[in-house]
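Commentary on secondary and tertiary structure
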Amino acid sequence: MMMVYVCFIEMGPGGSCSRMIDQILADKPHFAKAICVKGQDSVDNLMQVLAQLYAEGASIDLSQFALCNETNQTEYKNYISVKTGGEAFNVPLPPKSKTTEAESSVVELKRKQQ
C-alpha cells in the first residue's frame, strides 16, 4: 500500500489556513506550514519548509537560491557598525548637588517638622 503524504505551503499573510488544515487533517499524514507569519522571518520559515520536505524524501532544487556569504552593500547605504566585547563601560555617578549651608539647614528643619 502506497503512503500518501499531503503538503500545504501557505504563502499568504498569517497562518489561518495552515491551522485549519491541521484541524481538518488531524488524523491523516500531512504537512501544513505558513511562510509569512507575523513576528517570524519568512526566509527562515521557507528554509525550514524545504528542509522538512527534503527530510520526507522530496526532491528539492536549490539552484535558484543565491547562497553566498557576500552582502550586497548597495542595499545598506546608511548603516552603523557596532563593535561588541572589550572592556566594560562604567557609568560615572552624577555630580553631587552643591547646596549651601542655609539650604541644607532648611531641609533639616523640614525633616524635623514631619
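Bear in mind the structure is a predicted one, so any value in this text is a computation, not a measurement.

1. Thoughts on a nonpolar patch on the surface
A surface patch of nonpolar side chains, amounting to about 320 Å² of accessible area, comprises Val43, Met47, Leu62 and Phe65. Turning to its location among the elements, Met47 is positioned in helix α2 (residues 42–55).

2. Quick look at the pattern of salt bridges
Under the defined criterion, the tally for this structure stands at one salt bridge. Between Lys28 and Asp27 there is a salt bridge, and its shortest N-O distance comes to 3.7 Å.

3. Considerations on the confidence of the model for the protein chain
Low pLDDT marks stretches whose predicted atomic positions should not be read closely. Of all residues in the protein chain, 61% attain a pLDDT of 70 or more, and the chain-wide mean is 75. The secondary-structure element of the protein chain with the lowest mean pLDDT is helix α3 (residues 101–113), recorded at 60, while helix α1 (residues 16–24) shows the highest, at 91.

4. Some thoughts on the pairing of strand β1 (residues 6–13)
Looking at chain direction, β1 and strand β2 (residues 30–36) are connected through six bridges and run parallel. From the neighbouring strand, Phe8 faces β2, where its bridge partner is Ala32. With respect to chirality, the unit in which β1 leads through α1 into the neighbouring parallel β2 is right-handed.

5. Structural notes on the side chain of Ser18
If you trace the backbone, Ser18 turns up in helix α1. Using a relative accessible area of 7% as the deciding quantity, one classes Ser18 as buried. Within the structure, Ser18 has its side chain in polar contact with the backbone nitrogen of Ala34 (distance 3.3 Å). Beyond its immediate sequence surroundings of up to four residues, Ser18 is in contact with Glu10, Ala32, Lys33 and Ala34.

6. Quick notes on α2
Taking 1.5 Å per residue, 14 residues should reach 20 Å; α2 reaches 20 Å between its end C-alpha atoms and fits that length. If you check which residues of α2 are buried, you get Asn45, Val49, Leu50 and Leu53. For α2, the angular spread of buried residues about the axis comes to 135°, placing them on one side. Away from the buried face of α2 by more than 90 degrees, exposed residues Val43, Tyr54 and Ala55 are located.

7. So, the side chain of Asn45
Inspection of the secondary structure assignment puts Asn45 in helix α2. Setting aside residues no more than four positions away along its own chain, Asn45 makes contact with Lys33, Ala34, Ile35, Val37 and Gln40.

8. Thoughts on the environment of Ser42
One can find Ser42 in helix α2. In this structure, the C-alpha to C-alpha distance between Ser42 and Met11, residues 31 residues apart in sequence, is 9.4 Å. In contact with Ser42, other than residues within four places in its own chain, are Ile35 and Cys36.

Cut-offs used in this document
Residues numbered from 1 in each chain as written. Predicted model: local features only at pLDDT ≥ 70, side-chain atom pairs only at ≥ 80, totals over all residues. Heavy atoms only, no water. Patch = residues over 30% accessible without salt bridge, like charges linked within 9 Å, V, L, I, M, F, W, Y side chains within 5 Å. Areas by Shrake-Rupley, 256 points an atom, 1.4 Å probe, with all protein chains shown as cover. Salt bridge = Lys/Arg side-chain N within 4 Å of Asp/Glu carboxyl O. Helix = DSSP H or I, 4+ residues; strand = E, 2+ residues; numbered from the N terminus. pLDDT = per-residue confidence, 0-100. Pairing = 2+ DSSP bridges. Right-handed = clockwise from strand over helix to strand, strands pointing away. Buried < 20%, exposed > 50% of the residue type's maximum accessible area, 1.4 Å probe, protein only. Polar contact = N/O pair within 3.5 Å; in protein donor to acceptor, adjacent residues only side chain to side chain. Contact = heavy atoms within 4.5 Å. Expected span 1.5 Å × (residues − 1). Arc of directions from axis to C-beta.

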